[in-house]
Amino acid sequence: MSRDSVRYGRVPKRTRERMEETRVAQSENDQSIRDMESKELAIYDLTLTVTQAHHVNCDYTDMRTRGLVKKPAIFSLNDFQSEGGGPDSVEHQKIVMWQHFATFLTPSIQRIVEFAKKIPGFSELTQDDQLRLIKNGFFEVWIMHAAKLTGPAENTITFYDGSYITRQQIELMFDYEFVLALFNFVTSINSLDLNDSEIGLFSSVILLTSERVGIYDHKAIDHIQERLIEALKVQITKPPPR
């Protein structure tokens, strides 16, 4: 192509087409970069929001459990023996155990409710779906939080104040298969060695599970959970700080 052709705009058609293709490709590449940056920013904001909500509303964060002294819960199986023993004594123990268990668990219920409200998109769901998600997911989230206070050789579950109940006491309230699954879950969670941010995201994924009884808007819940899972994957695969 001659210098005069450039000067007077006489650029061959094929050359102009190549130049246009290059310009379009560059534009598409720039847009892809902007889209990627926007997506990364959205994931960062989601992670930050959920992490902050977890730190504010969880009694089992590293900061709150640092230096925690463990102690047996105030109740003992021997304390609840009714006169004469027999079947009635076992049932009596079970009732009293449930009462004490509920007392220790109650503070965590409100904290998990407040945590759920801070998950982006949760408050936009129907009231009925919000209630069902919390009702059906609460215990799983609580066990996940409490798991970090259970050592590999321990057969106990520890509450936020350091009080713990033994596997024998738990088996009095639940059947054997459930207790076995519970401690297997605790072992699996602890093997992942998650930090507070990852536990917060994992907790939100558990809460936003649409396969709960009575759920209405499965699509909306799945959409929120997919974003949370993506954020969790990014967080887990991040290289550790040097």
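Residues numbered from 1 in each chain as written. Predicted model: local features only at pLDDT ≥ 70, side-chain atom pairs only at ≥ 80, totals over all residues. Heavy atoms only, no water.

> Outline the pairing of strand 3 (residues 163-166), supporting the account with residue identities and numerical values.
A one-sided burial pattern is seen for strand 3, the buried positions being Ser163 and Ile165 and the unburied ones Tyr164 and Thr166. Sheet topology note: the strand 1 (residues 71-72)/strand 3 ladder contains two bridges and is parallel. Counted as the bridge partner of Lys71 is Ser163 from strand 3. Examined bridge by bridge, strand 2 (residues 156-158) and strand 3 share three bridges and lie antiparallel to one another. Bridge pairing in strand 3 places Thr156 opposite Thr166. Counting the residues between successive antiparallel strands, the hairpin from strand 2 to strand 3 contains four residues, one of them, Gly162, with a positive phi of roughly 100°. (Buried < 20%, exposed > 50% of the residue type's maximum accessible area, 1.4 Å probe, protein only. Helix = DSSP H or I, 4+ residues; strand = E, 2+ residues; numbered from the N terminus. Pairing = 2+ DSSP bridges.)

> Kindly report on unusual backbone geometry, identifying the contributing residues and their values.
The backbone of Asp193 sits at a positive phi, close to 55°, despite the residue not being glycine. Tracing the chain through its elements places Asp193 in the loop between helix 7 (176-192) and helix 8 (196-207).

> Which residues make up the nonpolar core, and what values do they have?
Residues Trp142, Ile157 and Leu208 are the most contacted members of the largest nonpolar core, which totals 53 residues. Of all the elements in the fold, those that place two or more residues in this core are helix 2 (13-57), helix 4 (87-118), helix 5 (127-147), helix 6 (167-173), helix 7, helix 8 and helix 9 (218-237). Considering every element that reaches this core, the biggest residue donor is helix 5, with nine residues. (Core = buried A, V, L, I, M, F, W, Y, C linked by side-chain atoms within 4.5 Å.)

> So what's going on with the confidence of the model for the chain? Residues and values would help.
Of all residues in the chain, 78% attain a pLDDT of 70 or more, and the chain-wide mean is 85. Across the chain, the element-wise mean pLDDT spans from 48 in helix 1 (residues 3-7) up to 96 in helix 8. Residue range residues 1-8 is modelled with pLDDT below 50. Its contacts to residues more than four positions away, or to other chains, number six contacts. (pLDDT = per-residue confidence, 0-100. Contact = heavy atoms within 4.5 Å.)

> If you had to explain helix 8 to someone new, which residues and values would you point to?
Relative to the 16 Å expected for 12 residues at 1.5 Å per residue, helix 8 spans 16 Å between its end C-alpha atoms, a close match to the ideal helical length. Of all 12 residues making up helix 8, 11 are buried, and the element is well covered by its neighbours. Taken residue by residue, helix 8 has Asp196, Ser197, Glu198, Ile199, Gly200, Leu201, Ser203, Ser204, Val205, Ile206 and Leu207 as its buried positions. Its side-chain oxygen at 3.1 Å from the backbone nitrogen of Ser197, Asn195 defines the N-terminal cap of helix 8. (Expected span 1.5 Å × (residues − 1). Polar contact = N/O pair within 3.5 Å; in protein donor to acceptor, adjacent residues only side chain to side chain.)

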